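# Coordinate inspection notes
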Amino acid sequence: MAFLLLSVCCSVAVSVLLKVARRRGWEVALLVALNYPVAAFTLWLLARPSLPDAAVWRDGWWLFAALGLLLPSVFIVMGRAVQAAGIVRADAAQRVALVIPLLAAFLLFGERLSWWSAAGIALVFAALAALLQRDSSAGEGDGRHAALWLTGVWLGYGVIDVLLKALSQQAKVTSLLLVTFVLAGVLMAGYVCWRRVRVSAAACAAGVLLGVLNVGNIVFYIKAHTAMKENPSVVFAGMNVGVIALGTLVGAGFFGERLLLRHVAGLVLAVAAIGCLTWARLSAGAA
């Protein structure tokens, strides 16, 4: 359970760091660009993957190319969503993105749709409808494009999840993941140079910290699954519900984010959706 809690904390800390970056005037693109060398080095240090052979490159190039572009892009979108809509709603949108790979499993891979899965999918879209509602009293910088950025978070993380599942089926997946991190870092470095982003010591330190938090989130999540291998659905539900709960506490408690009644309803619906989808996975595993 400790590993699960640490993974939840790392995930929410990423959102907090993105919010602080905007308040301090740090360019999120710079933080994201520095994050990937840290992630790549840590992955190499832990796994020491070997280079893929020609067949792996030929079969998997489109995956790491798509991920290399999408991973940094969704980070920037997440930063905009945190700024426009707050940590609470942005984290909730990220967590209910789990419905996209679920839909892909039903529509593309022929998995059977259970009643629990159908209920979870319906609740996800109800939660999104509530979370995307604009606060009419919000100022220009506080939510004018919140729905757009939240939708981007939902779609972005959902598509990335589908691509990561496809990547996991490839040979030498760790090597391809390392290539993905390197490619994402190169693309972001080029973007930062093209934009002539202002560099500061504080922003660079925040970028390194972002990389550490991302790697920590992945490592602790894997360790949680290993430690609780008999109860994978507990880890799945605990991670998603935990991020929403902690994100709500941090966003509302420490940053004073204002939540309308419909936003609160959206959070409740999101938790209910995760519960239904978790039970669907548990039932499928038992069957």
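The notes below deal with the structure included here. (Residues numbered from 1 in each chain as written. Predicted model: local features only at pLDDT ≥ 70, side-chain atom pairs only at ≥ 80, totals over all residues. Heavy atoms only, no water.)

Next up on the list: the nonpolar core. Among the nonpolar cores identified, the biggest contains 84 residues, and Leu31, Val124 and Trp154 are the most heavily contacted of them. Not counting residues within four places of it along the chain, the set of residues in contact with Val124 comprises Val96, Val99, Trp154, Ala273 and Leu277. (Core = buried A, V, L, I, M, F, W, Y, C linked by side-chain atoms within 4.5 Å. Buried < 20%, exposed > 50% of the residue type's maximum accessible area, 1.4 Å probe, protein only. Contact = heavy atoms within 4.5 Å.)

It is generally the case that most residues other than glycine have a negative phi and that most peptide bonds are trans. Non-glycine residue Arg196 carries a positive phi angle of around 55°. Along the chain, the position of Arg196 falls in the loop between α9 (173–195) and α10 (201–227). (Helix = DSSP H or I, 4+ residues; strand = E, 2+ residues; numbered from the N terminus.)

As a further point, take the pattern of salt bridges. Under the defined criterion, the tally for this structure stands at two salt bridges. The salt bridge partner of Glu257 is Lys19, with a shortest N-O separation of 3.3 Å. In this pair, Glu257 is assigned in the loop between α11 (232–254) and α12 (261–286) and Lys19 in helix α1 (residues 2–24), connecting sequence segments 238 residues apart. What makes Glu257 buried here is its relative accessible area of 14%. Notably, a salt bridge pairs Glu27 with Arg195, separated by 3.7 Å at the nearest N-O pair. (Salt bridge = Lys/Arg side-chain N within 4 Å of Asp/Glu carboxyl O.)

Time to look at a nonpolar patch on the surface. On the surface, Phe41, Trp44, Leu45 and Leu46 cluster together to form a nonpolar patch covering roughly 430 Å² of accessible area. Looking at where Trp44 falls in the secondary structure, it is placed in helix α2 (residues 28–47). (Patch = residues over 30% accessible without salt bridge, like charges linked within 9 Å, V, L, I, M, F, W, Y side chains within 5 Å. Areas by Shrake-Rupley, 256 points an atom, 1.4 Å probe, with all protein chains shown as cover.)

Turning to α2, a few remarks are in order. With 20 residues, α2 extends 28 Å from end C-alpha to end C-alpha; this agrees with the ideal 28 Å at 1.5 Å per step. Once α2 finishes, Arg48 follows within two positions and takes phi at roughly 45°, a positive value. (Expected span 1.5 Å × (residues − 1).)

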